[in-house]
Amino acid sequence: MIKTSYEFDQSILPAGSSLKTNILLRFRADIAESPRRNLNLSLVIDRSGSMAGAPLHHALKAAESVVDQLEPDDILSVVVYDDEVDSVVPPQAVTNKSALKNSIRKVRAGGITNLSGGWLKGCEHVKTRLDPQKINRVLLLTDGHANMGIQDPKVLTATSGQKAEEGITTTTLGFAQGFNEDLLIGMARAATGNFYFIQSIDEATEVFSIELDSLRAVVGQNLKVTLELADGVSLVDTLSLAKVSQNDAGQAVLTLGELYEGEDKLLGLSLLISSAQVGDLPVMKLHYSADVVQNDLIQSVSGIVDVVAKVGTVEEAAFASTSHIILELSRLTIAKAKETGLNLAEHGKHQEAEQILRALVKDLRDKGLNENFEIAEEIDQLEYFAGRIAQKALGNAGRKEMRDQTYQTMTRNRSDLVGRGVTTGDEVYAMPIVNQVGSGVELYCVREGGKLRVKVMSEGYDSTKNVQFPRAIRAEGARYVVEGLELSSDATFYRVRGNITRFAQPGEADIFVAPRQSNFTNTGKASKGPASAADLPTADSVGDSILVQCVKDGSKLRARVVSDGYEPDWNMRFPRSVREEGMLYVVDEVKTAPDGKSYIACGEIKRFVQPT
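About the criteria used
Residues numbered from 1 in each chain as written. Predicted model: local features only at pLDDT ≥ 70, side-chain atom pairs only at ≥ 80, totals over all residues. Heavy atoms only, no water. Phe/Tyr/Trp six-rings, centres within 6.5 Å; stacked < 30°, edge-to-face > 60°. Helix = DSSP H or I, 4+ residues; strand = E, 2+ residues; numbered from the N terminus. Buried < 20%, exposed > 50% of the residue type's maximum accessible area, 1.4 Å probe, protein only. Core = buried A, V, L, I, M, F, W, Y, C linked by side-chain atoms within 4.5 Å. Contact = heavy atoms within 4.5 Å. Polar contact = N/O pair within 3.5 Å; in protein donor to acceptor, adjacent residues only side chain to side chain. Pairing = 2+ DSSP bridges. Axes fitted to C-alpha atoms, helices over the stretch in contact; angles between N-to-C directions. Parallel < 35°, antiparallel > 145°, perpendicular 65-115°, else oblique. Left-handed = near helix turned anticlockwise from the far one by under 90°. Salt bridge = Lys/Arg side-chain N within 4 Å of Asp/Glu carboxyl O.

1. Some points on the packing of aromatic side chains
In the structure shown here, the tally under the stated rule is twelve aromatic pairs. When the centroid spacing of 6.3 Å and the interplanar angle of 55° are considered together, the rings of Phe179 and Phe195 count as tilted. In this pair, Phe179 sits in the loop between strand 8 (169-175) and helix 5 (181-190) while Phe195 sits in strand 9 (residues 195-198), placing the two residues 16 residues apart along the sequence. Given a relative accessible area of 1%, Phe179 falls into the buried group. Judged by relative accessible area, which is 2%, Phe195 ranks as buried. Centre to centre, the rings of Phe179 and Phe197 are 5.6 Å apart; their planes meet at 65°, and the pair counts as edge-to-face. Of this pair, Phe179 sits in the loop between strand 8 and helix 5 while Phe197 is found in strand 9, placing the two residues 18 residues apart along the sequence. Members of the aromatic cluster, joined through ring pairs, are Phe179, Phe195, Phe197 and Tyr407.

This is the structure:
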């Protein structure tokens, strides 16, 4: 069975005409003890040139960690792709973990990104072992844009939805800063899977573990909710991410995806009620259905809930206690505002976007919600994003953070997924610097579970408590001096009081003096090579350089750029003496040739050596 409940943001609604209210609905699979469901899992990993070095190393380590967490009755396949697609582990039971991990360790970085080919091969492997009693899932990891195969996001998103109808769900994982978040979120939403933004390469294993924990906890799938609204009630907005459609009766049908053991699926709705009289007001009939685990089998269940609001006089409504679900609704409202603000900014309406975010900050503070640490953190996020949008400087990293925070809050009810973001705020580089703490309080910034947190270092304070601190000047490893700290009203966290300066220890290198620049200088001169590739210097990371690969083109050896952002099929002027089929090179600079349809390798060339 599915346990359902609902609450309005006001326990008593005021009588009168035309009022707007928010409602939070909860759905939970009411199962006493759910056995772990076996997995039919395909890991699809981008091994294109942009993954070369540490990114691929950490992605493969994360894949090995998945193997360690699987059971003999689970089915696993592993697909890697660049311009070619290889099944390094065909679908098989996880009975020999050592052999599986050895196969994964042999993967090396290659060429350009055939995302569609790799993903569809993973879907094919899952389909060969498709079992409705198992969790049938493809985990697609990429760090770049598709530049080979099917590249149209609309086609890939629609296909993801079709695969879900066949029983194959896709979870997408975006690695670092180069991937297309709209595509990956779109594919995940269409398939009712999950999406993760892996901001720092060393957290890949952690994020994979979160997804595996989620898969183990799936106790229901295909949750659908139909809203049969009463006369005079209309749906203004949906505060949770859902696929919204209409049935033949014109009623809204919301597809919410999976139910997880011990986790409420939240559905926030904003409603407009044309008029309300004192008493009980029927608002809607809620029709729901889902496939849940019952008696060790997947069975379809459905039900109807009558949603009724309590309406009182204006005085009764004013004196009634605010619903305790205001925090959950606030989180959803914040996420919706971020989504709206980002959409406005991308249509050139920066001022309007900023106003929406800052108005919400004022509203949250007026309600006293800044006394809750999670909301206080969100206020800092909203102010940070509002400032960046106002300056038209949100940037790639800020956009990804906003999209990820919106997605996680509106999709899942897990504190370890919301508010993630480890990008250094640019303002930290312009802060005034002190070399002594003096009478101030020393703080430092650390990364915890994908979030930047600020802690106290000075004696006399509780070092376990978090500090509410401006998001714009947070940077992992940075230390600060503030005039003082004060406890929140519930004494669970600190607030900064007075001026903030950055602390630089005398005699220690200051890594935040200015953004770090690449070490090489672009010369613009065509590269020259030694007698052979063996005479080239080596590199095991790409950094700010460009990755080039030598490929066979008929009877000729050609050099092609495999880093993202370049035309993958253009020829390149490249020293013939160092060309060896399949070899990867790191080049300082790549320029477009005068003909406008080929490239010239410039600066130093190094032979890329795969890290071990």
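2. Looking at the nonpolar core
Judged by nonpolar contacts, the single largest core of 48 residues is most densely connected at Leu43, Leu76 and Leu141. By residue number, the principal contributor to this core is helix 1 (residues 54-69), which donates seven residues. When near neighbours in sequence (up to four residues on either side) are disregarded, Leu76 contacts Leu41, Leu43, Val67, Leu70, Val89, Pro90, Pro91, Gln92, Val94 and Leu100.

3. A look at the side chain of Arg420
When you line up the elements, Arg420 lands in the loop between helix 11 (395-411) and strand 17 (433-434). Given the relative accessible area of 4%, Arg420 is considered buried. Polar side-chain contacts of Arg420 include one of 3.1 Å to the side chain of Glu203. Setting aside anything within four residues of it in sequence, one finds Arg420 in contact with Phe197, Gln199, Glu203, Glu206, Val207, Ile210, Glu401, Asp404, Gln405, Gly449, Gly450 and Lys451.

4. Quick look at the side chain of Glu181
Tracing the backbone through its elements, the reader meets Glu181 in helix 5. According to the relative accessible area criterion, Glu181 is buried, its value standing at 5%. Setting aside its immediate chain neighbours within four residues, Glu181 contacts Asn396, Arg399, Lys400 and Arg403.

5. Topic: the pairing of strand 27 (residues 584-592)
Regular strands have side chains that alternate between both faces of the sheet. For strand 27, the tally of buried residues reaches seven of nine residues, placing the bulk of the element in the interior. Where strand 24 (residues 546-553) and strand 27 come together, four bridges link them in antiparallel fashion. The residue bridging Gln549 from the neighbouring strand is Leu584, located in strand 27. As paired strands, strand 27 and strand 28 (residues 599-608) are joined by seven bridges and run antiparallel to one another. Looking at strand 28, one finds that Val590 is bridged to Ala601.

6. Considering unusual backbone geometry
Phi is positive for Thr192, which is not a glycine, with a value near 50°. Along the chain, Thr192 turns up in the loop between helix 5 and strand 9. Look at Lys392: it is not a glycine, yet its phi comes out positive at around 55°. Looking at where Lys392 falls in the secondary structure, it is placed in the loop between helix 10 (373-390) and helix 11. With a relative accessible area of 64%, Lys392 lands in the exposed category.

7. Details of the packing of helix 8 (residues 326-346) against helix 9 (residues 350-366)
For the pair helix 8 and helix 9, the least separation of the axes is 7 Å and the interaxial angle reads 165°. In terms of orientation, helix 8 and helix 9 fall into the roughly antiparallel class. When you trace helix 8 past helix 9, the crossing you get is left-handed. Touching Ser330, Thr333, Ile334, Ala337, Lys338, Thr340, Gly341, Leu344 and Ala345 of helix 8 are His350, Glu352, Ala353, Ile356, Leu357, Leu360 and Leu364, all from helix 9.

8. So, the pattern of salt bridges
Summed over all chains, the structure comprises 42 salt bridges. Measuring nitrogen to oxygen at the nearest pair gives 3.3 Å for the salt bridge that ties Arg137 to Glu211. With Arg137 in strand 7 (residues 135-142) and Glu211 in helix 6 (residues 204-216), this pair connects stretches of sequence that are 74 residues apart. Pair check on accessibility: Arg137 and Glu211 agree, each one buried. Measuring nitrogen to oxygen at the nearest pair gives 2.8 Å for the salt bridge that ties Lys400 to Glu181. Remark: Glu181 occurs in helix 5 and Lys400 occurs in helix 11; sequence separation between them is 219 residues. Accessibility classification places Lys400 together with Glu181 in one group, the buried group. One salt-bridge network, in which partners are shared between bridges, spans Glu181, Asp182, Glu346, Arg399, Lys400 and Arg403.

9. Observations concerning the environment of Phe608
With respect to the secondary-structure elements, Phe608 resides in strand 28. You can call Phe608 buried: its relative accessible area is 7%. Separated by 169 residues in the primary sequence, Phe608 and Ser439 have C-alpha atoms spaced 52 Å apart. Setting aside chain neighbours within four positions, we find Phe608 in contact with Ala52, Gly53, Ala539, Asp540, Ser541, Val542, Leu547, Leu584, Tyr585 and Val586.

10. Brief notes about the pairing of strand 18 (residues 441-448)
For strand 18 and strand 21 (residues 479-487), the ladder comprises four bridges, and the chain directions are antiparallel. Residue pairing for strand 21: Val441 is matched across the bridge by Val482. Pairing of strand 18 with strand 19 (residues 451-456) involves six bridges; the strand directions are antiparallel. Of the residues in strand 19, the one forming a bridge with Glu448 is Lys451. Linking strand 18 to strand 19, which pair antiparallel, is a turn of two residues; within it Gly449 sits at a positive phi near 55°.

11. Brief notes about the sheet that holds strand 1 (residues 2-8)
Ordered in space as 1-3-14-11, the four strands form an open sheet in which the pairing is antiparallel. Of all strands in the sheet, those with a lone pairing partner are strand 1 and strand 11 (233-238), marking the two edges. Within this sheet the neighbouring strands show an average axis-to-axis angle of 30°, counted without direction. Bridge analysis of strand 1 against strand 3 (residues 16-29) gives seven bridges, and the strand direction is antiparallel. The partner of Phe8 across the bridge, within strand 3, is Ile23. Strand contacts of helix 8: strand 3, strand 11 and strand 14 (265-276), with the helix running at about 105° to strand 3, the strand carrying the most contacts.

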